[in-house]
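Chain and residue survey
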Amino acid sequence: MKKLTIKNLDINISGVNEDDYFSLTDIARSKNPENPNDVIRNWLRRVDTLEFLFYWETLANKNFRPTDFDGSEAKPGENAFTMSPSKWIELTNAIGLKVKLGRGDAGTYAHKDIAFEFASWISAEFKVLLIREYQRLKEEENKRLDWAGKRQLSSLNYLLQTDAIKKNIIRVDLKPHQIPMYFF
């Protein structure tokens, strides 16, 4: 699990199907360290948040069920309306939010697109810092992958070259037990 640190706050990033999911719970701690889940539920009550989630899920999720959400008792924007990440996932078969139970990395996670939207609701400054730190992390990962790729390519080239030498250059007058000594 990867982590970003923004304003002395660690934010966990979890990989799901090759996408990065940020801990909304960790981000929400910047607003309310004692009850970050309240911050997430308040964000989910907003009409503009639900519109964003609807559009995101429509584009990213072929199994999205927006009609199941329409049957809920209270409507977004009404005082009695409540929404939790688990309820959103259950009602709509959403994939943009994930709820992890347990210890350590427990909390609500969101696809990076949704996490950036949530961060902008927290504050514009927090969103900019989150994006910058995420880009820095990705650049570091690419550098490591680039090095690992070059290392692997060198290893494969070595095998190709040594196999070619074994096959084509080894002296014919050598006895089988002498070949390893001559070659290595």
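Provided above is the structure to which this section pertains.
For every chain, the first residue of the written sequence is number 1, and numbering continues from 1 onward in sequence order. pLDDT decides what is reported in this predicted model: residues at 70 or higher carry local features, side-chain atom pairs at 80 or more are listed and counted, and totals for whole chains, interfaces and linings draw on all residues regardless. Only hydrogens and water are set aside; all other atoms, that is, all heavy atoms of the structure, feed into the side-chain values.

**Considerations on the pattern of salt bridges**
Salt bridge, as used here: a side-chain nitrogen of Lys or Arg that lies within 4 Å of a carboxyl oxygen of Asp or Glu. The final tally for this structure, using the stated rule, is eight salt bridges. Two residues, R41 and D38, come together in a salt bridge whose shortest N-O distance is 2.6 Å. In this pair, R41 and D38 both sit in helix α2 (residues 36-44), three residues apart, roughly one turn of the helix. Burial here depends on accessible area, computed with a 1.4 Å probe over protein chains only, as a share of the maximum for the residue type. Under 20% is buried, over 50% is exposed, and the range in between is partly exposed. The exposure class assigned to D38 is partly exposed, which follows from its relative accessible area of 33%. Comment: elements are numbered from the N terminus, with helices defined as DSSP H or I runs of at least four residues and strands as E runs of at least two.

**A look at the pairing of strand β3 (residues 19-23)**
For β3, the buried fraction is high: four of the five residues fall into the buried class. One ladder, built from four bridges, connects strand β2 (residues 9-16) with β3; its direction is antiparallel. Each residue of the ladder has a partner; that of V16, found in β3, is D19. For two strands to count as paired, DSSP must find a minimum of two bridges between them. A loop of two residues connects β2 with β3, the two strands running antiparallel in sequence, and N17 in this loop sits at a positive phi of about 50°.

**A few points about the side chain of T49**
Relative to the helices and strands, T49 is located in helix α3 (residues 47-60). If we skip the residues at most four places from it in the chain, T49 touches W43 and L44. In what follows, residue pairs with any heavy atoms lying within 4.5 Å of each other are defined as contacts.

**Some remarks on the packing of aromatic side chains**
Two aromatic rings are characterised by how far apart their centres lie and by the angle between their planes. Each aromatic pair joins two rings of Phe, Tyr and Trp (for Trp, the six-membered one) with centres within 6.5 Å, and gets the label stacked for planes under 30 degrees apart, edge-to-face for over 60, and tilted for any other angle. All chains considered together, the criterion is met by eight aromatic pairs. Summarising the aromatic geometry, the rings of W43 and F118 are spaced 4.9 Å apart at their centres and angled 75° between planes, so their arrangement reads as edge-to-face. In this pair, W43 sits in helix α2 while F118 sits in helix α6 (residues 112-122), placing the two residues 75 residues apart along the sequence. For the pair formed by W43 and F118, the shared burial category is buried. A network of ring pairs unites the aromatic residues F22, F116 and Y134 as a single cluster. Positioned above the aromatic ring of Y109, the side-chain terminus of K100 is 4.7 Å from the ring centre. By definition, being over a ring means that NZ of Lys or CZ of Arg is both within 6 Å of the ring centre and within 35 degrees of the ring normal.

**Some remarks on the layout of surface pockets**
Residues are called lining when one of their atoms sits within 4 Å of a cavity or pocket point, these points coming from a 1 Å grid over the protein atoms alone, where a cavity is a set in which a 1.4 Å probe fits but cannot get out and a pocket is an open set with protein on both sides within 12 Å along at least five of seven lines. Grid points are joined across faces, edges and corners, and a volume is the space filled by probe spheres set on the points. Put simply, the largest pocket is a space of about 170 Å³. Along its surface, the largest pocket is lined by 14 residues, and N37, P85, V99, G107 and T108 are the ones closest to its centre. Taken together, the elements giving at least two residues each to the lining of the largest pocket come down to α2, α5 (85-92), β4 (97-100) and β5 (107-111). Among the elements that line the lining of the largest pocket, the one with the most residues is α2, at three residues.

**Describing the sheet that holds β3**
Backbone-to-backbone hydrogen bonds pair the strands of a sheet. The strands run either parallel or antiparallel. The strand order across the open sheet built from five strands is β1-β2-β3-β5-β4, with neighbouring strands paired in antiparallel fashion. The sheet is open, and its two borders are formed by β1 (2-6) and β4, each paired with just one other strand. Averaged over all pairs of adjacent strands, the angle between their axes in this sheet comes to 30°, without regard to strand direction. Note that β1 and β2 share five bridges and pair antiparallel. Each residue of the ladder has a partner; that of K3, found in β2, is N12. Lines fitted to the C-alpha atoms define the axes, with helices restricted to the stretch that makes contact. Angles between their N-to-C directions range from 0 to 180 degrees.

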